[in-house]
Amino acid sequence: MKVAVAQFEPKDGDKSYNLSVIEALAQEAGNRGADLISFHEMSITAYTFTKDLTYDQLLDLAEEVPNGPSTEQLLKISKANDLAILAGLVEKEGKELFNTYICVHRGMVVAKFRKLHPFISPFLSAGNHYEVFDLLGWKCGILICYDNNIIENVRATALLGAEIIFAPHVTGCTPSAMPGRDYVADEFWQNREIDPVSLRLEFDGPKGRRWLMRWLPARAYDNGVYYVFTNPIGYDGEHLKNGNSMIIDPYGEVLTEVNSFDDAIAMTTLTKEKIPLAGGFRYRNARRPELYRNIIGKAHESNFKPVWIKEK
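Model, not experiment: these values are computed from the prediction.

Participant: In this structure, what is going on with helix H3 (residues 69–81)? I would like to understand it.
Facilitator: Along an α-helix, a turn takes 3.6 residues, which lines up residues three or four apart on a common side. With 13 residues, H3 extends 18 Å from end C-alpha to end C-alpha; this agrees with the ideal 18 Å at 1.5 Å per step. Residues Ser70, Thr71, Leu74, Leu75, Ile77, Ser78 and Asn81 constitute the buried set of H3. Burial along H3 is one-sided: seen end-on, the buried residues are contained in an arc of 165°. Residues Pro69, Lys76, Lys79 and Ala80 are exposed on H3 and point more than 90 degrees away from its buried face. In this structure, the buried side of H3 is in contact with helix H1 (15–31), strand S3 (84–93), strand S4 (96–105) and strand S5 (108–114). Positioned one or two residues after H3, Asp82 has a phi angle of 50°, which is positive.

Written as structure tokens, this is what we have:
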């Protein structure tokens, strides 16, 4: 299967503009022979700015799935370019709101996943199930951003049969306790054309790509799955993001990556032959769940708010 990953700089709340970029990049991917293209978390709406919205404002931004206009537009783009599309938005169901990621293909919503660990807004409800689905002869799973940080989520999705995990993010370039992690100053972004090296050093250092490389290949390697990671480039809300959308194979190797400051895609072909040869595939078959079933399943109080989220 030939897979494309995208990055682009979204506009806050401007679904029309963001869908126009999705359409342009999907067309490029289709022209280059892609079978599918994956976009970042809440790519239709933008993400970070929603932390400051009231419930009513977030409700106005939200849509039903599959009956909303954005889903209908994705279906049209998918049909016009003969490829599957994965993209994210704010979903509403009754009074509840969700950070949702959908896959559309051949006139249908093939999959819908609700983020398990939402934190950007107190008005977003948490999803409560894993999603593994058939697509183009592959078993696929979805985990949104923070969901991937909890290794149990990745293992559960792999144990449910996923061969590919789509990992849409809005991440990087925010503070944490890890040395070197922080925001990237606006001056680097504004000077990206005359001084691209300085911005690339910021984005590829511990604030961005180097942080990703600490854990993202491990998720693929430990579970013997392909990882399809997507992330915006430039500003999402007031935060700069480093892009680096990439595809990682079951050996933990980066197969392709967007290495640009522009709206762009990267593509590669996935082959199933690697999966049973990967160490993580064998390790899963060597598990002894009787040793840790009661430990891993033990109840505890969950707290998943990042350090950069300020108290209201």
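There's more to say after this.
Participant: Even after reading the chapter, I still don't get the pairing of S4, so can you show me in this structure?
Facilitator: Successive side chains on a regular strand alternate, one facing one side of the sheet and the next facing the other. Extensive coverage of S4 is indicated by the burial of nine of its ten residues. Between S3 and S4, which pair antiparallel and follow one another directly, the connecting turn spans two residues, one of which, Gly94, has a positive phi of 65°. Where S4 meets S5, six bridges bridge the pair, whose relative direction is antiparallel. Bridge assignment links Cys103 to a residue of S5, and that residue is Ala111.

Participant: Help me understand the sheet that holds strand S2 (residues 36–38) in this model?
Facilitator: Whenever strands of a sheet pair, they do so through backbone hydrogen bonds, lying parallel or antiparallel. On the basis of which strands lie adjacent, the open sheet formed by six strands has the order S5-S4-S3-S2-S1-S14 and mixed pairing. Of all strands in the sheet, those bounded by a partner on one side alone are S5 and strand S14 (264–269). Sheet twist, expressed as the average angle between the axes of neighbouring strands with direction ignored, equals 30°. Two strands pair when backbone bridges link them, and strand S1 (residues 2–7) and S2 are joined in this way by three bridges, in the parallel orientation. What sits directly across from Val5, in S2, is Ser38.

Participant: Looking at this structure, how should I read the state of the cysteines?
Facilitator: With the rule as written, the count across this model stands at zero disulfides. With no disulfide of its own, Cys140 lies 7.2 Å from the sulfur of Cys103, the closest cysteine sulfur.

Participant: What am I meant to see in unusual backbone geometry here?
Facilitator: Leaving glycine aside, a negative phi is the common case for residues, and trans is the common case for peptide bonds. The amide bond that connects Val65 to the next residue, Pro66, takes the cis arrangement and shows omega of 15°. Among the structural elements, Pro66 can be located in the loop between helix H2 (55–61) and H3. The phi angle at Met42 is positive, at roughly 50°, despite the residue not being glycine. Secondary-structure assignment places Met42 in the loop between S2 and H2.

Participant: Any chance you could explain the side chain of Lys241 here in plain terms?
Facilitator: For Lys241, the location among the structural elements is in strand S11 (residues 239–242). Comment: no salt bridge for buried Lys241; closest opposite-charge side chain is Asp236, at 7.0 Å. Of note is the side chain of Lys241, whose polar atom sits 2.8 Å from the backbone oxygen of Gly172. Apart from residues no more than four positions distant in its own chain, Lys241 is found in contact with Val170, Thr171, Gly172, Thr174, Phe203, Asn231, Pro232, Ile233, Gly234 and Asp236.

The rules behind these values
- Residues numbered from 1 in each chain as written.
- Predicted model: local features only at pLDDT ≥ 70, side-chain atom pairs only at ≥ 80, totals over all residues.
- Heavy atoms only, no water.
- Helix = DSSP H or I, 4+ residues; strand = E, 2+ residues; numbered from the N terminus.
- Expected span 1.5 Å × (residues − 1).
- Buried < 20%, exposed > 50% of the residue type's maximum accessible area, 1.4 Å probe, protein only.
- Arc of directions from axis to C-beta.
- Contact = heavy atoms within 4.5 Å.
- Pairing = 2+ DSSP bridges.
- Axes fitted to C-alpha atoms, helices over the stretch in contact; angles between N-to-C directions.
- Disulfide = S-S within 2.5 Å.
- Lys, Arg positive; Asp, Glu negative; His and termini not counted.
- Salt bridge = Lys/Arg side-chain N within 4 Å of Asp/Glu carboxyl O.
- Polar contact = N/O pair within 3.5 Å; in protein donor to acceptor, adjacent residues only side chain to side chain.

Everything listed here is a matter of coordinates, which is why it stays silent on function.
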